[in-house]
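Examining the three-dimensional arrangement
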There are 2 protein chains.
Amino acid sequence: MGTKNILVGQSGGPTSVINSSLYGVVSAGLQAKDSVGTVYGMIHGIEGFRKGDVTVLSDLSEEELTLLQTTPAAYLGSCRYKLPEDLSDPVYPELFAKFEEMNIGYFFYCGGNDSMDTVSKLSRYGASVGSDLRCMGVPKTIDNDLIITDHCPGYGSAAKYVATTVRQVTLDAKVYGKKFITIMEIMGRHAGWLTAAGALARKYEGDNPKLIYLPEAPFSMEQFYEDLDRCFEESNDIMVCVSEGIHDKDGTFICEYASSDTAVDSFGHKSLTGTASYLAEMVKERYEGVKVRGIELSLTQRCAATEASLTDITEAAMAGSLAVEAALKGETGKMVAFIRQPGEEYKISYELRDVNEICNKEKPFPKEWITGNNNDIGQGYIDYALPLIQGRSPLPFENGLPKFLYRK
Amino acid sequence: MGTKNILVGQSGGPTSVINSSLYGVVSAGLQAKDSVGTVYGMIHGIEGFRKGDVTVLSDLSEEELTLLQTTPAAYLGSCRYKLPEDLSDPVYPELFAKFEEMNIGYFFYCGGNDSMDTVSKLSRYGASVGSDLRCMGVPKTIDNDLIITDHCPGYGSAAKYVATTVRQVTLDAKVYGKKFITIMEIMGRHAGWLTAAGALARKYEGDNPKLIYLPEAPFSMEQFYEDLDRCFEESNDIMVCVSEGIHDKDGTFICEYASSDTAVDSFGHKSLTGTASYLAEMVKERYEGVKVRGIELSLTQRCAATEASLTDITEAAMAGSLAVEAALKGETGKMVAFIRQPGEEYKISYELRDVNEICNKEKPFPKEWITGNNNDIGQGYIDYALPLIQGRSPLPFENGLPKFLYRK
């Protein structure tokens, strides 16, 4: 189809390695000089693109590209924007006119469920109007909840950060030898994959975290108190990992119990509380004299590039470059999926899968890996996750701090 | 005085490098075979020692000692225990009887203001009864608030972690290009040294964090709103660093405004809120449609050994070993202080200073380094702090996670 340009975007919540996938796309585009002209990046995804917000990525120097690979957060900016379900909406011809104007032959979108929905819609609309645009999805999410793929780029680094942090805080929390409960709140509204990573922190059997609660099993305060009582029989310091999305059997998020109309401060402002701080308050009342601390990992868990997994960085780049290779071969409407090979040694192969099978679906944490009294994680998960956190990021430091690439 | 044993303890809040000082003490003790017998460690400081809780450190293997140097949190456990002011209290002869029983000739205590108070009291009591026990202080605190010394071991690593985290979260918080306020709460009830480290995160002039508030200057909500208004004129995403100890002109901590008897949840439990989450709630109400996030760094800032400064690790070990050397030469009642040499190049010398001058005093963040409208940090601080965060910890990794030494 002659020389065409590439358009690439990033969408949804950023990760430590989403820019490594961008690096993969740009590098592969630069290498395919016979087929690819310019590599354009959408600023703030498809939403920014509609407003004409575009940058040229093929101008980046080799040094800048290397920096990009280890820079956290979406270099191009991101968006949370869903294209209309109705393919006869005028936004589609409008977008495709822009694509044609810019001579775009290859469209890459890096993101999770919602972003794959964008790839699905654009490829379906393209087919319906006989466009030769090739649309490919590059998976990304710290939540690890995309179906079909063994895991998602972004998860390994976030899991490594969670496990590292839980291990370090565990050591800190035990120094006084007094009764101490630490409640660590980890991202994942619906899927417990990232919270489960707390289990990787254990240095020996029976080590902290003693309790791990995922949203895939109902949570009850009564059971929680029983679990804590039992833990205190053996140990003074208890680390608890909870997903932000834990909820009771009726589906009410535990953090929702924290906020009510009566919860106002001295100025009359309504006070909102997270899951960890709510549980910490409850536990403080029950266990008098016990030191309790609620910690919300917050944004740090998805942007701690300094703690990123080299395996994750490498695979993320591979996903980006394979998407380009596939598009150049004529593929469209596909996502690069990770297939784990059987056998002792960790080995991944990459396959293309129809984005329509993937988009808007969620892969929950497997029930069989939730053990104990719905308060622990089994060895199956450990075996699954350990390969994903191997290796440290080679990110460069300058004047004592990590050096990143950023748009000013 | 013949062969005597060493007794070493850790006290107060732990840091990423307090074990590096312990490593320094043990290594120097092992090297002084002619003068030193066994190196004992107090479990949970002087409080645990009173109960007879002691371990032998000179049995640690070379590999274990190397691991110790890069392990966060107090390996020996810590305490917050103040010896009686009255030196005629029976606790003193009781302690010195134990010292004699264990043939302790050298006592080392690693900690901050309160721990130096312990060194002061033991050395004064020792002198009053003609004991030849030599008591030395090894400085440690992420707060950096010990007087006389240029800085404290523990501060550089915590500052590096804060700057790294602020830099990474800043990139994450700007990805949507929408109006976004992030409020980062950093440790330091009375001293703003650690919060000031947020300023190191800037990648270029005018970069985030836009606003930094320390407890050394009074905080007012009205001024805060004015500052935010002004920032929004130039930028969409605003990172604010606040010390947990910011207070208004009357001395009321800002976080105190968050809790009142009327702040109860739907179960009637009183709800407590931190400074960041309180400010986030206030700001959310004022700036409709602006995304606001409060983040409390919590324990992670003092135990993130993975982000520790090599300079800090090295200096911490040096402080420990120099304390041993000095005690062997007959010094007592002293702390190892850091003296910065004049000149462009960063160079530290170590001197012994009377613990009585140091204990129970606090070094506030210098007023002349608080700039802007009490909402920024000047270049003087940057020049002071940058040398302290140089170099990465050589800590070993095992199976994807940092490997630490710990007492089971």
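Residues numbered from 1 in each chain as written. Chains lettered and ligands numbered in written order. Predicted model: local features only at pLDDT ≥ 70, side-chain atom pairs only at ≥ 80, totals over all residues. Heavy atoms only, no water.

1. Remarks on the packing of helix H8 (residues 221-234) of chain B against helix H9 (residues 275-286) of chain B
All names here are of chain B. Rules: The axes used here are C-alpha line fits, helices contributing only the stretch in contact, and every angle between their N-to-C directions lies in the interval 0 to 180 degrees. Strands are runs of DSSP state E lasting at least 2 residues, helices are runs of H or I lasting at least 4, and numbering of each runs from the N terminus. Reported orientations rely on four angle classes, namely roughly parallel under 35 degrees, roughly antiparallel over 145, roughly perpendicular from 65 to 115, and oblique for the rest. What makes a crossing left-handed is the near helix being turned counterclockwise from the far one by less than a right angle; a clockwise turn instead makes it right-handed. Contacts are assigned to residue pairs that have any heavy atoms within 4.5 Å of one another. For this scheme, ten residues count as nonpolar: Ala, Val, Leu, Ile, Met, Phe, Trp, Tyr, Cys and Pro. Four count as charged, namely Asp, Glu, Lys and Arg, and the remainder, Gly too, count as polar.
Running from N to C, H8 and H9 point in directions that differ by 60°, and their axes come no closer than 12 Å. Here H8 is positioned oblique relative to H9, judged by the angle of their axes. The way H8 lies across H9 gives a crossing that is right-handed. Counted together, Met221, Phe224, Tyr225, Leu228 and Asp229 of H8 and Leu279, Met282, Val283 and Arg286 of H9 form the full contact between these two elements. Each residue belonging to the contact of H8 with H9 can be placed in one class, and the counts come to seven nonpolar, no polar and two charged.

2. Quick notes on the interface of chain B and chain A
Here is the rule we go by: A simple way to read buried area is as the amount of 1.4 Å-probe accessible surface that goes missing from two parts once joined, with both sides added. By convention in these notes, a salt bridge is any Lys or Arg side-chain nitrogen within 4 Å of a carboxyl oxygen on Asp or Glu. Identification of polar contacts relies on pairs of N or O atoms within 3.5 Å, with a donor-acceptor requirement for protein atoms, meaning one able to donate a hydrogen and the other able to accept it, and with residues adjacent in sequence counted only if both atoms are side-chain atoms.
On the side of chain A, 77 residues touch chain B, which itself brings 78 residues to the contact. Carbon and sulfur atoms supply 56% of the area that chain B and chain A bury against each other, a total of about 6600 Å² over both sides. Glu47 of chain A serves as the salt-bridge partner of Lys178 of chain B, at 3.7 Å between the closest nitrogen and oxygen. Counting across the interface, chain B meets chain A through 28 residue pairs in polar contact (both at pLDDT 80 or more). Elements represented by at least two residues in the side of chain B that touches chain A include exactly helix H6 (155-173), H9, strand S9 (291-296), helix H10 (300-303) and strand S15 (401-402) of chain B.

3. Remarks on the environment of Thr311 of chain B
All names here are of chain B. Worth spelling out the cut-off: To sort residues, take the accessible area from a 1.4 Å probe on protein chains only and compare it with the maximum for the residue type: under 20% means buried, over 50% means exposed, and anything in between is partly exposed.
Within the secondary structure, Thr311 is located in helix H11 (residues 310-328). Judged by relative accessible area, Thr311 falls into the buried class, the value being 17%. With near-sequence residues (within four places) excluded, Thr311 lies in contact with Tyr346, Pro387, Leu388 and Gln390. Here Gln390 takes part through its backbone oxygen, which lies 2.8 Å from a polar atom of the side chain of Thr311.

4. A few points about the confidence of the model for chain A
Heads up, the rule is: Confidence per residue, as judged by the predictor, is encoded in pLDDT with a range of 0 to 100.
On average, residues of chain A carry a pLDDT of 94, and 96% of them reach 70 or more. Here the predicted complex carries an ipTM of 0.96, next to a pTM of 0.96.

5. As for the pairing of strand S2 (residues 36-42) of chain A
Residue and element names in this part refer to chain A. For clarity, the threshold we go by: Strand pairing is assigned whenever DSSP identifies at least 2 bridges connecting the two strands. A crossover gets the label right-handed when its path from the first strand over the helix to the second runs clockwise, viewed with the strands pointing away from the viewer.
Counting buried residues along S2, five of its seven residues qualify, which places the element largely inside the surrounding structure. The pairing of strand S1 (residues 4-10) with S2 spans four bridges and is parallel. If you follow Lys4 over to S2, its bridge partner there is Val36. This β-α-β element, S1 to helix H1 (residues 18-31) to S2, shows right-handed connectivity. Bridging between S2 and strand S3 (residues 54-56) involves three bridges; their strand directions are antiparallel. For Met42, the partnering residue across the bridge sits in S3 and is Val54.

6. Here we look at helix H5 (residues 113-128) of chain A
In an α-helix, one turn spans 3.6 residues, which is why side chains three or four residues apart end up on the same side. Residues and elements named next belong to chain A. Condition: Here the expected length of a helix is defined as 1.5 Å per residue gap, with one fewer gap than residues.
Taking 1.5 Å per residue, 16 residues should reach 22 Å; H5 reaches 23 Å between its end C-alpha atoms and fits that length. Extensive coverage of H5 is indicated by the burial of twelve of its 16 residues. Within H5, the full set of buried residues consists of Asn113, Ser115, Met116, Asp117, Thr118, Val119, Ser120, Lys121, Leu122, Ser123, Tyr125 and Gly126. Where H5 is buried, its residues contact helix H2 (45-50), helix H4 (91-101), strand S4 (104-111), strand S5 (134-139), strand S10 (334-340) and helix H12 (355-358). After H5 finishes, the residue Gly130 shows a positive phi value of roughly 70°.

7. Concerning the relation of the copies chain B and chain A
The two chain copies are related to each other by a rotation about an axis together with a translation along it. Test applied: Here the copies are superposed with least squares, the fitted atoms being C-alpha atoms of residues at a pLDDT of at least 70 in both.
The transform that puts chain B on chain A rotates by 180° and translates by 0.0 Å along the axis, for an RMSD of 0.0 Å. One copy is carried onto the other by what is essentially a two-fold rotation axis. A share of 99% of interface residues in chain B that are also interface residues in chain A marks the association as one of identical surfaces.

8. Concerning the sheet that holds strand S6 (residues 180-186) of chain A
Residue and element names in this part refer to chain A. The four strands are arranged S7-S8-S6-S9 in an open sheet whose pairing can be described as parallel. Only two strands of the sheet have a single partner each, and these edge strands are strand S7 (211-213) and strand S9 (291-296). Shown here is a sheet whose adjacent strand axes are inclined to one another by a mean of 15°, direction ignored. Each of S6, S7 and strand S8 (237-243) is contacted by helix H8 (residues 221-234), which is oriented at about 160° to S7, the strand it contacts most.

9. Let's talk about unusual backbone geometry
Residue and element names in this part refer to chain A. The omega torsion across Asn208 and Pro209 is 5°, close enough to zero to call that bond cis. Within the secondary structure layout, Pro209 lies in the loop between helix H7 (193-196) and S7. Residues other than glycine seldom take positive phi values, yet Ile148 does so here, at roughly 75°. Despite not being glycine, Asn360 shows a phi value in the positive range, around 65°.

10. So, the packing of aromatic side chains
In this description, a pair of aromatic rings is defined by centroid distance and the angle of the planes. Selection rule: Only the six-membered ring of Trp is used, alongside the rings of Phe and Tyr, when aromatic pairs are assigned; centres must lie within 6.5 Å, and planes under 30 degrees apart are stacked while those over 60 apart are edge-to-face, with the rest tilted. A ring is scored as having a charge over it whenever the NZ atom of a lysine or the CZ atom of an arginine sits within 6 Å of its centre and within 35 degrees of its normal.
Evaluated as defined, the whole model comprises 44 aromatic pairs over all chains. Between Lys179 of chain B and the ring centre of Phe232 of chain B, over which it is positioned, the NZ or CZ distance is 4.6 Å.

11. What to know about the pairing of strand S8 (residues 237-243) of chain B
Residue and element names in this part refer to chain B. In terms of burial, S8 is a largely internal element, seven of the seven residues being buried. Residues of S8 alternate between two faces, with Asp237, Met239, Cys241 and Ser243 on one and Ile238, Val240 and Val242 on the opposite face, all of them buried. Sheet topology note: the strand S6 (residues 180-186)/S8 ladder contains seven bridges and is parallel. Counted as the bridge partner of Thr182 is Met239 from S8. Pairing of strand S7 (residues 211-213) with S8, which is carried by three bridges, proceeds in the parallel orientation. Looking at the pairing, Tyr213 lines up with Val242 of S8. A crossover links S7 with its parallel partner S8, the connecting element being H8, and its sense is right-handed.

12. Focus: the packing of helix H1 (residues 18-31) of chain B against H11 of chain B
Residues and elements named next belong to chain B. Between H1 and H11, the shortest axis-to-axis distance is 7 Å and the interhelical angle comes to 40°. Here H1 is positioned oblique relative to H11, judged by the angle of their axes. Remark: the crossing between H1 and H11 carries right-handed chirality. Only Ile313, Ala316, Ala317, Gly320, Ser321 and Val324 of H11 make contact with H1, whose side of the interface consists of Ser20, Ser21, Tyr23, Gly24, Val25, Ala28 and Gly29.

13. Notes on the state of the cysteines
All names here are of chain B. Put simply, the test is: By definition, disulfides here are pairs of cysteine sulfur atoms that lie within 2.5 Å.
Scanning the entire structure with this criterion turns up zero disulfides over all chains. Unpaired in this structure, Cys359 has its nearest cysteine sulfur neighbour in Cys135, at a distance of 13 Å. For Cys359, a relative accessible area of 8% puts it in the buried group.

14. A few points about the pattern of salt bridges
This model, assessed by the stated rule, comprises 31 salt bridges over all chains. Across the pair Arg50 of chain B and Glu94 of chain B runs a salt bridge whose closest N-O atoms are separated by 3.1 Å. Pair noted here: Arg50 of chain B is in helix H2 (residues 45-50) and Glu94 of chain B is in helix H4 (residues 91-101), with a separation of 44 residues, a long-range link. The shortest N-O distance in the salt bridge between Glu331 of chain B and Lys334 of chain B comes to 2.7 Å. Given the relative accessible area of 27%, Glu331 of chain B is considered partly exposed. What makes Lys334 of chain B partly exposed here is its relative accessible area of 22%. Bridged by salt links that share partners, the residues Glu63, Glu398 and Lys403 of chain A form one connected network.

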